[in-house]
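A closer look at the structure
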Amino acid sequence: MPAVDVKGLKKNYGKVIALRGISFSAEKGEIFGIIGPDGSGKTTLFRILTTLLVADEGTAVVDGFDVVKDYKEIRKRVGYMPGRFSLYQDLTVEENLQFFASVFHTTIEENYDLVKDIYSQIEPFKTRRAGKLSGGMKQKLALSCALIHKPAILFLDEPTTGVDPVSRKELWEMLKRLKNQGITILVSTPYMDEAALCDRIALIKDGRFLSIDTPANITAQFNQKIFAVRGLEMSRLLSDIRAFPAVKTCYAFGDSHHVTVETGQNELQESVQHALYLYLLFKGHTNVEIEKINPGIEDCFMELTKADVV
Amino acid sequence: MMILLGMPVIQIILFGFAITTEVKNAEIAVLDLSKDEATRKIVEAIEVSEYFHVAEYVHNTKDIDNVFRKGRIGLAIVFSENFYENLLHTGKAQIQLIADATDPNTATTLTNYATAIINNYQRQIVATGPVPYQIVPEVKLMYNPQMKGAYNFVPGVLGMILMLICAMMTSVAIVREKEMGTMEVLLVSPMKPIIIILSKAVPYFAISAVNLATVLLLAVFVLKVPVMGSLFWLILVSLLFIFVSLSIGIMVSTLTSKQMIAYLISGMVFMIPVMLLSGMIYPVENMPAILQWISHIIPAKWYIAAVKDLMIKGLGVQAVLKEITILFAMAAVITAISVKKFKNRLE
Amino acid sequence: MKVITAENLTKKFGSFTAVDHISFEVEQGEIFGFLGANGAGKTTAMRMLCGLSKPTSGKGMVAGFEISKNPEKIKANIGYMSQKFSMYEDLKVWENIRLFAGIYGVPDKEISHRTDELLKNLQFEGQKDALVKSLPLGWKQKLAFSVAIVHEPKIVFLDEPTGGVDPAARRQFWELIYQAADRGITVFVTTHYMDEAEYCNRVSIMVDGRIDALNSPQNLKQQYDAANMDEVFHRLARGAKRNSD
């Protein structure tokens, strides 16, 4: 029995369509990532799965229980951390944890083992009010609160948004440890680079899943040749590359531009690469480097959403 | 937007009609022990004036007490026996004006109008007769002989404070959870919605009970407004009113998910009508029928009336049975609506 | 030409030193990345540079004006955009452009011309009459950026401009930044995406109120022997003592 089993979920808010028919299943004990930009439907999906909303169409089963019929059972079994860390700002760190423990009819002591890893990092500040914590600390406290009743499945809606890279990394390390304790984790994020940290991911845009697979399989399915191009004048380089006939797409990727090219049947990748190099030299670029690379999740996401790009 | 555009209209209408200390068609009682030509003329003059309407003719002094207890009558006029005879023979006659002074302003206005009408009659007969006749109105103030304003505003303040704390604070407290996102987490927990509501309402219930005690103590010991009737029933009725206000607060919280809106609704839609239409500042009797009708659905109106009866007039619980019943019904209806509307999901 | 110079810029709140003697310079037309963990003091430093907050001690020159003496002059010469506040959602696209152009002091007769130019540049002509709230986030942010530089300021400050934006829109956003920098507008940007740090000409990394590293991404990676900026950041920020905003 999968931990989460979803079939054909649809949801509208008036005229706005949030989910256009989503199906997937997450296995017990895996980290399942739902990755997509803001407004793609991640929060709506999480709210349906945590019984806060009722879908217009489709079914969802969480830990063996239907989200509509058996919502009371599900509420006992899942932990939920909404996007805005939902804490009582005027309660202290410790009071928050105590409160959420009592809401779930348990005590901090009973499940301390489970949250120890995370909570011990913020325990020195346990008398501080939650409203006065930094983003990273709020995130840890909210996660501790969502875990205190030992849920079978943990739903984390954008736990890393607005949090600095160090805290983000720490959070992912914590998730990995929780997974090892057998907890199923569904996590959403707009950061593509976090995809690799999940066992399986679903790419979501405009209420639709573009692809569901392991991160490695998704990048393996990328059927384009892709190069990283560097030079001194990155901005001019971008427009010059785009003007090159064989180039299909060219996007800025930090220190390099990622370029996909059209290759004819018999054309070798090297020859295209060489032609582009010569062309760029001819255009007056210096220090040009072109390198064949393996695509990342972000390349795949853009390839899959290419049709929508303005 | 509706609130911003609508409020000035409602307010100007309310103030325009409600802020009038003028009295029109006040209901009075007449005890005519003489029943002669003069008393008939005076009563006639009173009846045709736009200020009074004789609602009841009573037959003895004990009945006066009874009609006052019913609370409808603001003034009673008592003609002594052999009124006309006394007037003709001794040139002097006595009229007693008994006013319900729980609201000192209205009492003053009523007695002034009545005196003016009587003086008018006096001038007429003086003009016809040879002797300088003199009608001496004797004013007697029931319940509040010293005409203390406190007698009027203590019940009003009670109604306001309890309404403010219960309705506004409860609604804001619940809506705050929605805004902070903590409501989401609470809903995804085994906690029953009814427990969430109760845990929000109980503290404010306790605070209101303390407020009630403070206001009563201050009233009795500082303002020297005695509790004339049963303290037990006064407290019981107050607790009932607190309950009604709490359920209003919960109902408001189910309507919105923004703290600002909760403040606006409780402030504009509940507080202002409570102040204007509950009879706390302006007597409801003088308002147009439509406003009087609206005032009936304001819980504070019934509560304030009950407090006046129990605390100031010292009446027994049977005098406020009607108010208690109405408050009970309101509590039941509002609680039912809000519990039903308080969803265990987000939308 | 230097458009930003900070010399020992310091801000204290009571006994707490939010920004601790930072010194740096930014050249005209540079894309300058301003990185740091939550609570490292980025926002406070940025506020001082925008003339919104007075430094406790130290000197800062922005667009040729001293920040503690001429904050109003500075405000007229900079643009500002943040993730939280960008546009009036209930106004149409062109109304927002016109409104902000007016606020930033673009002469009346130029406003309509600049509006058209801006819309054309973004290929937004078709969405001219759309309400801002109906646009996807990525478009909103692109529009917000264009509006923040509608008055051709010397410097534009961007506070986490691309949070939650989809990858393609994020790319387009950075292309707009490149274009602005090519026109000579200095771009001062904070971000939590470390790959975005790589777009910058130079980046500074703040730790506990101080600037612990300042160089080009290339040099930083070499200096810290790291494969990418993410690693550089972790090396530096792991040592942070401070834990709150």
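Looking now at the overall build of chain A. Assigned secondary structure in chain A consists of 10 helices and 14 strands. With respect to the principal axes defined by its C-alpha atoms, chain A has extents near 70 × 45 × 35 Å. Buried positions account for 56% of the 310 residues belonging to chain A. Of the contacts made within chain A by residues no fewer than 6 positions apart, 69% connect residues no fewer than 24 positions apart. When the accessible surface of chain A is split by element, carbon and sulfur atoms take 49% of a total near 12,800 Å². The positive charge centre, built from 38 side chains, and the negative charge centre, built from 40, are 4 Å apart in chain A.

Before going further, it helps to examine the overall build of chain B. A count of helical and extended segments in chain B gives 13 helices and 5 strands. Split into buried and exposed, the 347 residues of chain B put 50% on the buried side. Of the contacts made within chain B by residues no fewer than 6 positions apart, 77% connect residues no fewer than 24 positions apart. In the form shown here, chain B has an accessible surface area of approximately 16,300 Å², with 67% of it arising from carbon and sulfur atoms.

Backbone hydrogen bonds are what pair the strands of a sheet, in a parallel or an antiparallel way. All names here are of chain B. On the basis of which strands lie adjacent, the open sheet formed by 5 strands has the order β2-β1-β3-β4-β5 and mixed pairing. Across the chains shown, the open sheet's two edge strands, defined by having one partner strand only, are β2 (52–58) and β5 (134–142). Each adjacent strand pair in this sheet contributes to an overall mean axis angle of 25°, direction not counted. Where strand β4 (residues 92–100) and β5 come together, 9 bridges link them in parallel fashion. Opposite Asp-100, over in β5, you have Met-142 as the bridge partner. Relative to the sheet, helix α4 (residues 83–90) contacts β3 (75–79), β4 and β5, its axis offset from that of β4 by approximately 135°. In the packing of helix α5 (residues 104–128) onto the sheet, the strands contacted are β1 (26–32), β2, β3, β4 and β5, and the crossing angle to β4 comes to about 160°.

Attention now goes to the interface of chain C and chain A. The interface is formed by 33 residues belonging to chain C together with 39 residues belonging to chain A. Buried surface at the junction of chain C and chain A, summed over both partners, amounts to about 2,900 Å²; 56% is from carbon and sulfur atoms. Seen at the junction of chain C and chain A, the total is 4 salt bridges. In this assembly, chain C and chain A are joined by 10 residue pairs in polar contact (both at pLDDT 80 or more). Those elements giving two or more residues to the side of chain C that touches chain A turn out to be α5 (137–148), α6 (167–182), α7 (194–197) and α9 (229–237) of chain C. With 9 residues, the single largest contributor to the side of chain C that touches chain A is α6 of chain C. Here the side of chain C that touches chain A is composed, by residue class, of 12 nonpolar, 10 polar and 11 charged.

What follows deals with the nonpolar core. Ranked by internal contacts, the top residues of the largest apolar core, which has 151 residues, are Val-4, Phe-24, Ile-34, Leu-49, Phe-155 and Leu-186 of chain A. In terms of residue count, helix α9 (residues 231–255) of chain B provides more of this core than any other element does, 11 residues in total. Look past the residues within four positions of Val-4 of chain A in its chain and what remains in contact with it is Phe-24, Ser-25, Ala-26, Leu-49, Val-61, Val-62, Ile-153, Phe-155 and Leu-186 of chain A. In this structure, Ala-252 of chain A together with Met-87, Leu-143 and Val-187 of chain C belong to the second largest nonpolar core, which totals 73 residues.

This part covers the pattern of salt bridges. Residues and elements named next belong to chain A. All chains considered together, the criterion is met by 40 salt bridges over all chains. A salt bridge links Lys-140 to Glu-170; its shortest N-O distance comes to 2.8 Å. Separated by 30 residues along the polypeptide, Lys-140 in helix α5 (residues 135–147) and Glu-170 in helix α6 (residues 165–180) bring together distant segments of the chain. Notably, a salt bridge pairs Arg-168 with Glu-194, separated by 2.9 Å at the nearest N-O pair. Pair noted here: Arg-168 is in helix α6 and Glu-194 is in the loop between β8 (184–189) and β9 (200–205), with a separation of 26 residues, a long-range link.

Glancing now at the sheet that holds strand β13 (residues 256–261) of chain A. All names here are of chain A. One open sheet holds the 4 strands; their spatial order is β12-β13-β11-β14, and the pairing between them is antiparallel. A single partner strand is all that each edge strand has here, and the edge strands are β12 (247–253) and β14 (289–292). Strand-to-strand twist across the sheet, computed as the mean angle between neighbouring axes with direction ignored, equals 25°. Bridging between strand β11 (residues 226–230) and β13 involves 4 bridges; their strand directions are antiparallel.

We now examine the packing of α5 of chain A against α6 of chain A. Residues and elements named next belong to chain A. With their axes 10 Å apart at the nearest point, α5 and α6 run at an angle of 20° to one another. Relative to α6, the element α5 is oriented roughly parallel. Crossing geometry of α5 relative to α6 is assigned as right-handed. Contacts from Gly-136, Gln-139, Lys-140, Leu-143 and Leu-147 in α5 reach Ser-167, Glu-170, Leu-171, Met-174 and Leu-178 in α6.

Under the domain assignment used here, chain A contains domain 1 (4–220) and domain 2 (226–294). Put simply, the middle of domain 1 of chain A and the middle of domain 2 of chain A, counted by C-alpha atoms, are 40 Å apart.

Let us now look at helix α3 (residues 61–70) of chain B. Residues and elements named next belong to chain B. Listed as buried for α3 are Ile-64, Val-67 and Phe-68. Projection of α3 onto a plane perpendicular to its axis shows the buried side chains occupying an angular sector of 100°, all on one side. In α3, the exposed residues that point more than 90 degrees away from the buried face are Lys-62 and Lys-70. Check the buried side of α3 and you find it contacts β1, β2, β3, β4 and β5.

For chain B, the assigned domains are domain 1 (14–142) and domain 2 (150–341). A separation of 38 Å is found between the C-alpha centroids of domain 1 of chain B and domain 2 of chain B.

For chain B, mean pLDDT is 79; residues scoring 70 or higher make up 89% of the total. Within chain B, no element has a lower average pLDDT than helix α1 (residues 2–18) of chain B, which sits at 68, and none a higher one than α9 of chain B, at 88.

Contacts between the two partners involve 19 residues from chain B, matched on the other side by 26 residues from chain A. For the pair chain B and chain A, the summed buried area comes to about 2,200 Å², and 58% of that belongs to carbon and sulfur atoms. The interface formed by chain B and chain A contains 2 salt bridges. Residues Asp-90 of chain A and Arg-176 of chain B are paired through a salt bridge, measuring 3.2 Å at the closest nitrogen-oxygen approach. Inspection of the region where chain B meets chain A yields 6 residue pairs in polar contact (both at pLDDT 80 or more). Sorting the residues of the side of chain B that touches chain A by element identifies α6 (150–180) and α7 (182–187) of chain B as the ones contributing at least two each. Tallied by class, residues from the side of chain B that touches chain A come to 8 nonpolar, 4 polar and 7 charged.

Okay, α5 of chain C next. Residue and element names in this part refer to chain C. Its 12 residues give α5 an end-to-end C-alpha distance of 16 Å, which sits within 8% of 16 Å, the value for a rise of 1.5 Å per residue. Of all the residues in α5, the buried ones are Gly-138, Trp-139, Lys-140, Gln-141, Lys-142, Leu-143, Ala-144, Phe-145, Ser-146, Val-147 and Ala-148. In the core, the buried residues of α5 are packed alongside β6 (78–82), α3 (93–103), α4 (108–122), β7 (155–159) and α6.

Glancing now at the packing of aromatic side chains. Evaluated as defined, the whole model comprises 23 aromatic pairs over all chains. When the centroid spacing of 5.5 Å and the interplanar angle of 55° are considered together, the rings of Phe-145 of chain C and Phe-173 of chain C count as tilted. Here Phe-145 of chain C is found in helix α5, whereas its partner Phe-173 of chain C is found in helix α6, with 28 residues between them in sequence. By relative accessible area, Phe-145 of chain C is classed as buried at 1%. Each member of the aromatic cluster is reached from another via a ring pair, and the members are Phe-24, Phe-32, Phe-34, Phe-157 and Phe-188 of chain C. Positioned above the aromatic ring of Tyr-191 of chain A, the side-chain terminus of Arg-168 of chain A is 3.7 Å from the ring centre.

Definitions and limits used
- Every chain is numbered on its own, with residues counted from 1 as its sequence reads.
- Whichever chain is written first is A, and whichever ligand is written first is 1; the rest continue in order.
- Per-residue local features of the predicted model are confined to residues with pLDDT of at least 70, and side-chain atom pairs are confined, for both listing and counting, to 80 or more; whole-chain, interface and lining totals are unaffected and use all residues.
- Computation of side-chain values covers all heavy atoms of the structure but excludes hydrogens and water.
- Numbering of helices and strands runs from the N terminus; a helix is a DSSP stretch of H or I covering at least four residues, while a strand is a stretch of E covering at least two.
- Any residue under 20% of the maximum accessible area for its type is buried, any over 50% is exposed, and the rest in between are partly exposed; the area is computed with a 1.4 Å probe on protein chains only.
- Residue contacts follow a heavy-atom distance rule, with two residues in contact if any of their heavy atoms lie within 4.5 Å.
- Method for areas: the Shrake-Rupley scheme with a 1.4 Å probe, in which residue coverage is limited to the protein chains shown.
- Counting rule applied: Lys, Arg positive; Asp, Glu negative; His and chain ends not counted.
- The location of each charge is read from NZ of Lys, CZ of Arg, CG of Asp or CD of Glu.
- Here a strand pair is declared whenever DSSP counts at least two bridges between the two strands.
- Axis definition: a line fit to C-alpha positions, over the contact stretch in the case of helices; interaxial angles, taken between N-to-C directions, run 0 to 180 degrees.
- Defined here as a combined quantity, buried area equals the accessible surface (1.4 Å probe) lost by two parts on assembly, summed across both.
- The salt bridge criterion pairs a side-chain nitrogen of Lys or Arg with a carboxyl oxygen of Asp or Glu, the two atoms within 4 Å.
- Polar contact is the term for a pair of N or O atoms within 3.5 Å; when the atoms are in protein, one must be able to donate a hydrogen and the other to accept it, and sequence-neighboring residues count only if both atoms are side-chain atoms.
- Any residue outside Ala, Val, Leu, Ile, Met, Phe, Trp, Tyr, Cys, Pro, Asp, Glu, Lys and Arg is labelled polar, Gly included; the first ten of those are nonpolar and the last four are charged.
- Residue types Ala, Val, Leu, Ile, Met, Phe, Trp, Tyr and Cys, when buried and joined through side-chain atoms within 4.5 Å, form a set referred to as a nonpolar core.
- For this classification, under 35 degrees means roughly parallel, over 145 means roughly antiparallel, 65 to 115 means roughly perpendicular, and everything else is oblique.
- Definitions for this section: a left-handed crossing has its near helix turned counterclockwise from the far helix by less than a right angle. A right-handed crossing has that turn clockwise.
- Start and end positions for the domains come from either an automated domain assignment or a database one.
- The directions from the helix axis to the C-beta atoms are what the arc is built from.
- Known as pLDDT, the predictor's per-residue confidence is scaled from 0 to 100.
- A helix's residues, less one, multiplied by 1.5 Å, set its expected span.
- Planes of paired rings set the category: under 30 degrees apart is stacked, over 60 is edge-to-face and the rest tilted, where pairs are Phe, Tyr or Trp rings (Trp by its six-membered ring) whose centres lie within 6.5 Å.
- Only when the NZ atom of a Lys or the CZ atom of an Arg is both within 6 Å of the ring centre and within 35 degrees of the ring normal do we say a charge sits over the ring.

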